[in-house]
Amino acid sequence: MTAQVTNPSVLRITELDDEPARELVGGKAWSLWRMSALGLRVPPAFVVTTTSCADYFASGKRLSDELFAEIVEGVSYLEDRTGRTFGRGEHPLLVSVRSGAAVSMPGMMDTILNLGINPDTESALAAETSHADFAADVHRRFVALYGKLVSGCVEDLEDLPDTAAVTAAIADETGDTIPTDPMTALRKAVAAVFDSSQSRRAKAYRAHYGIPDDIGTAVTVQAMVFGNLDENSGTGVLFTRNPLTGAKDPYGEYLPRGQGEDVVSGRVTPQPLAWLASNRAYLHDELIAAADLLDREGADAQDIEFTVQHGELYLLQSRPAKRTARAAVRIAAALVGENAIEEATACSRVTADQVRHLLRPSIDADAVGDTQPLATGVSASPGYAVGRVVLTADEAQRNPGSILVRESTSPEDVHGMIAASAVVTEHGGATSHAAVVSRALDTPCVVGCGAGTAPALAGRIVTVDATGARIFDGEIGGRATRVDDDADLAALARWAAAIAPLRAVSETAQGVEVFDADAAIAASGGETVEIPENCRVVTGAYFETDAGVSAALDAGVEVIVTTTPLPVLLAAVAHRKADR
């Protein structure tokens, strides 16, 4: 292994001795370093750092010759580690080119797989593996991804039958040709991944989560392993804890003879993880052992991407899992119980907004009665919503609070998913793009409802019971959740009350002077709140928001009177942490 150089342009991430800075190498490459350091099987990789991304944009989107020379040296490293040659020879090396920001932004930036394939290497792969259909599939997949992400083709290329048809479609639309020289393709691919950090969807995601817009991305170049090689190959995603409920049970999906993009895209519905346990028990056992190690070392629920190539397991990524509000509370409480984290850390891992979401009404079972749903599927992100169905992301953005129904979602739909009150898809499983992004947004989501669902629901007012994975005609009422009825929420409330820099109470003693923001706004006819000097106790809707809590703390307020103390306390804890 090697030590890290200060602010380098390229790092051999899977052989570093010292922990790299996440801000420099991005979350994806950092996770490769971590898994490699733990002795887990990881395909070798190098990373083009975020410093290089900043230089790329500062120079007018130019990938310098000096930087590319370092990338070429990185390719030589991969050749040495694998015993294969990049884009040539009897045993060709193919690589993936993956984005990876310092802050996790799942699905928001681009990845190009199978780079290094061309007519010659297709023939070599076919001869080496004795699977000509596999080699042809690899070539077709690469050309389709390159055409979309580098050439800018907007036509759907996924369903075209072969490489020749995809190549012709790209040429017809863009006039572009696919490079047969692997170094030319690699140079353009790295630039395209840098460019994707400034895409519409990436900007919308950062704006929604308050992530700085200039963080850029690192680019990880990694030796390919092939889940689509043969019947003893596949790809999957594993959560070490259930991302819907927070239960400490492995949760995931596996797609035999597939590549990672197949699972994420939602075009194909994978098998449950139990399939792997039943059909490849030794692989399942190895995967679960690795997952347990990563969960313990990370002291948090992990989202793990893996590939099986000809019966051998490779880990491609491990990151803190996106989870629902329910799961966030359960996982935080469980980790305290396991002595993995402190109570203060648990409070920092659950946001005020997550608790507000959790306290929203759920569907009223009594109101449902014997009503039959219009559609059913798989619960990907629980919750409850009522709204009118729209079929495009742009419609959802124009009509906030609507129900977005799609065949499957892609990163181009994120702006609509942010605006929608629920997301429903015809295809895909619980680890598809729609599922992962909806959990991150804490938006109710039902996937896998079947072909024809979208046109059947178009324009209707529907009720989405995402917890029960059902969609009902018309509006059905909801039922509220209380903190005292949930042991994990109650524990979180106790811990937050002990460390928050103010108190949140449901009522105050008689005679205590309380500033009422609602009354002040009504009297002034304004929209902003001016907190009186030396005010110690406040109430009103403004102080139920994160901004209101921050303003109260900055003004020296000691007590907020509210019917929902827990979100106020968590907002206060977060404000204090941000000030440090």
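Residues numbered from 1 in each chain as written. Predicted model: local features only at pLDDT ≥ 70, side-chain atom pairs only at ≥ 80, totals over all residues. Heavy atoms only, no water.

S.K.: Lay out helix α2 (residues 50–58) with the relevant residues and their values.
M.R.: Turning to α2, its buried residues are T50, S52, C53 and Y56. Looking straight down α2, one finds that the buried residues subtend no more than 150° of arc, so they occupy a single side. Residues of α2 that are buried in the fold lie against α1 (22–37), β2 (45–48), α3 (65–82), α7 (182–196) and β7 (218–223). G60 sits one or two positions beyond α2 and adopts a positive phi of about 80°. (Buried < 20%, exposed > 50% of the residue type's maximum accessible area, 1.4 Å probe, protein only. Helix = DSSP H or I, 4+ residues; strand = E, 2+ residues; numbered from the N terminus. Arc of directions from axis to C-beta. Contact = heavy atoms within 4.5 Å.)

S.K.: An account of the domain arrangement of the protein chain is requested, with residue identities and associated values reported.
M.R.: The assigned domain composition of the protein chain is domain 1 (10–223), domain 2 (234–320), domain 3 (361–480) and domain 4 (497–579). Each of domain 3 and domain 4 was reduced to a C-alpha centroid, and the two centroids are 35 Å apart. (Domains from an automatic or database assignment.)

S.K.: How would you sum up the packing of aromatic side chains? Please name residues and give values.
M.R.: A complete count under the given rule lists eleven aromatic pairs for this structure. When the centroid spacing of 5.2 Å and the interplanar angle of 40° are considered together, the rings of Y56 and F194 count as tilted. With Y56 in helix α2 and F194 in helix α7, this residue pair connects regions lying 138 residues apart in the sequence. On the basis of relative accessibility, which here comes to 0%, the residue F194 falls in the buried class. Ring geometry for Y205 against Y209: centres 4.7 Å apart, planes inclined by 45°, an arrangement best described as tilted. Taken together, the residues Y205 and Y209, both in helix α8 (residues 200–209) and four residues apart, mark about one turn of the helix. For Y209, a relative accessible area of 32% translates into the label partly exposed. Joined through ring pairs, the aromatic side chains of Y56, F57 and F194 make up one cluster. (Phe/Tyr/Trp six-rings, centres within 6.5 Å; stacked < 30°, edge-to-face > 60°.)

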